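Chain residues, written in single-letter form:
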Amino acid sequence: MITYQIVFEGTIISSATFDKADFTPETLTCVDQSGTIDRVISAADTDYQRVKQTAKNNGSLYQVPKGSYLLPGFTDLHIHAPQWPQAGLALDKPLNEWLNTYTFPLESKFKDLDFAKKVYQSLVKELLANGTTTGLYFGSVHTDANLILARICADLGQRAFIGKVAMDNKDQTPDYYRDDSSEAALQETERFIKEMLSLQKETQANLTPVITPRFVPSCTDETLLGLGQLAQKYDLPVQSHCSESIWEDSYAIDCFQMTDAQVLDKFNLLTDKAVMAHGTQLRDSDLDLFSHNHSAIAHCPISNAYFGNSVMRVNEANKRNVTVGLGTDISGGFSPSIYRNMQQSIMSSQMLEDSGTDNARLSADNVFYLATVGGAKALHIPVGQIKSGFKADLQIVQDQYFDVFSNEPQEIFERLVYHTNKENIKQVYVSGKLVHENRGEE
Ligand code: GUN
Ligand code: FE
């Protein structure tokens, strides 16, 4: 019989479908030495007592306390790592003004590697404490600062997808913060890819480089073309922003007489490994293009309330088989919490429905699926479900009102979605390894 790394005993909550999260009491989740879930054993199974006793004997049994639950860790599909110092600040201007007034000056500071280290340590710890086991990050233009972020993710144990931001269009970027030329943008992107791949080899951490044109307006055609070629050459994921706001959407129409999605597609950036942020302005035809290309969308509902000029149509995308996950969009979104973004995506969907879009409402079950399965599907990684064959990226979450209110499974689940704060996230695991623990007062 396999000796497991860890065996969790308790109630699991995990999604298999968009419509309904499954609540399964009394299970053993058995994690093998490679960090993969080997078996999930229910109490009715004849093996249950035997596996439990063996785990107990060799010290690998972890009993989830009463009133706490085992959930998959979350995937955050859109984080601007260098914007962490202004999370919650400077949200008083529309997107383009916000970039020029606050964001480019802040990101330009990441030339300073000591500053980068301090900020990135704080950010990655905070994300883990909020239950985010996988992050898809935009770095800054600075290759070396981005490598510091990668090293920190490796050290702290977070699964990380990281991009060196490419931005070289002199008309749309300030002279103090851009790639010097298209060649420089492409060369530095390639250097970043190679360094990331060797860091990955050295640390054996879950690190993946990502091709990252900031968005269509900030890149020249040459850079967009070259980045599309690099994505293909190294078979890497791509991330960018797509039709985030009326301004961004109109920019593509004005300059290319095409929609933003069509421009990205023209440069071979809308791939089956692409994750495009926001998409509030996407037309039905754009959603069909995403669906045809198997490209995914990072829905960032908090950020969209500030910059999106609209609410992204998650149900419409889902109906058209477009993969959607959630993103915080730090710092366009102020919160590092995917819980907070699940809540906002429900609230925003109600407002979308009330303003005349039929069937726009999202439920707690829907958004939990986005945060777990949706994010994992977007990145093509075997996480987001508590199921045999998936990586043990997990969080143990306490229902703070367990003793007070009634405890039907659906009530517990919805309370967790609406009320979980980082204080209630007791432990976080990546590949079965403990990466965050909050002992609290209890
Ligand atoms: N579009 C281009 N850059 C950015 C950014 O940093 N944040 C957001 N939300 N949108 C962008
Ligand atoms: Fe963004």
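Below, the structure is looked at part by part.

Conventions and cut-offs
- Residues numbered from 1 in each chain as written.
- Chains lettered and ligands numbered in written order.
- Predicted model: local features only at pLDDT ≥ 70, side-chain atom pairs only at ≥ 80, totals over all residues.
- Heavy atoms only, no water.
- Buried < 20%, exposed > 50% of the residue type's maximum accessible area, 1.4 Å probe, protein only.
- Helix = DSSP H or I, 4+ residues; strand = E, 2+ residues; numbered from the N terminus.
- Contact = heavy atoms within 4.5 Å.
- Donors = N, O, S within 2.8 Å, 3.2 Å for Na, K, Ca; no water.
- Tetrahedral: all angles 85-135°; square planar, octahedral: opposite > 155°, others 65-115°.
- Near = heavy atom within 4 Å.
- Polar contact = N/O pair within 3.5 Å; in protein donor to acceptor, adjacent residues only side chain to side chain.
- Areas by Shrake-Rupley, 256 points an atom, 1.4 Å probe, with all protein chains shown as cover.
- Nonpolar A, V, L, I, M, F, W, Y, C, P; charged D, E, K, R; others polar.
- Pairing = 2+ DSSP bridges.
- Salt bridge = Lys/Arg side-chain N within 4 Å of Asp/Glu carboxyl O.

Focus on helix 9 (residues 284-293)
Taken residue by residue, helix 9 has Asp 286, Leu 287, Leu 289, Phe 290, Ser 291 and Asn 293 as its buried positions. On its buried face, helix 9 sits against strand 10 (238-242), helix 8 (260-266), strand 11 (274-278), strand 12 (296-299) and helix 11 (314-319).

Overview of the coordination of the iron ion (ligand 2)
Within the protein, the iron ion (ligand 2) binds to His 78 (NE2), His 80 (NE2), His 241 (NE2) and Asp 329 (OD); these donor distances fall in the range 2.1 to 2.3 Å. Geometry at the iron ion (ligand 2) is irregular, judged from its four donor atoms and the angles of 85 to 177 degrees they form at the metal. Judged by its relative accessible area of 3%, His 80 is buried.

A word on the site of ligand 1
Taken together, His 80, Gln 83, Leu 95, Trp 98, Leu 99, Arg 214, Phe 215, His 241, Glu 244, His 278 and Asp 329 make up the full set of residues adjacent to ligand 1. At 3.3 Å, a side-chain N or O of His 241 approaches a nitrogen atom of ligand 1. Surface burial for ligand 1 is 100%, taken as the share of its 270 Å² of free accessible area covered by protein chains. Ranked by the residues each element gives to the shell around ligand 1, the list is headed by helix 2 (residues 95-108), at three residues. Looking at the shell around ligand 1 residue by residue, the classes come out as four nonpolar, four polar and three charged.

A look at the pairing of strand 5 (residues 68-72)
Counting buried positions along strand 5 gives five out of five residues, so the element sits mostly inside the fold. The side-chain alternation of strand 5 yields two buried faces, one formed by Ser 68, Leu 70 and Pro 72 and the other by Tyr 69 and Leu 71. The pairing of strand 5 with strand 14 (residues 394-398) spans five bridges and is classified as antiparallel. The partner of Tyr 69 across the bridge, within strand 14, is Val 397.

Structural notes on the pattern of salt bridges
The tally for this structure, following the rule as stated, stands at 24 salt bridges. Asp 235 serves as the salt-bridge partner of Lys 273, at 3.3 Å between the closest nitrogen and oxygen. Note that Lys 273 is positioned in the loop between helix 8 and strand 11 and Asp 235 in the loop between helix 6 (221-234) and strand 10, a separation of 38 residues in sequence. Residue classification places Lys 273 among the partly exposed residues on the basis of a relative accessible area of 25%. Linking Asp 288 and Arg 320 is a salt bridge whose minimum nitrogen-to-oxygen distance equals 2.9 Å. On the criterion of sequence distance, the pair formed by Asp 288 in helix 9 and Arg 320 in the loop between helix 11 and strand 13 (324-326) is long-range, its members being 32 residues apart. Shared partners join several salt bridges into a network, and the residues in it are Asp 284, Asp 288, Arg 313, Glu 316, Lys 319 and Arg 320.

Here we look at unusual backbone geometry
Omega for the bond connecting Ile 330 with Ser 331 falls within 30 degrees of zero, at 5 degrees, which places this linkage in the cis form. For His 294, which is not glycine, the phi torsion reads 60 degrees and is therefore positive. Following the sequence through the fold, His 294 ends up in the loop between helix 9 and strand 12. Residue His 294 is classed as exposed on the basis of its relative accessible area, which comes to 58%. Backbone geometry places His 380, a non-glycine residue, at a positive phi of 60 degrees. Relative to the helices and strands, His 380 is located in the loop between helix 13 (364-379) and strand 14.

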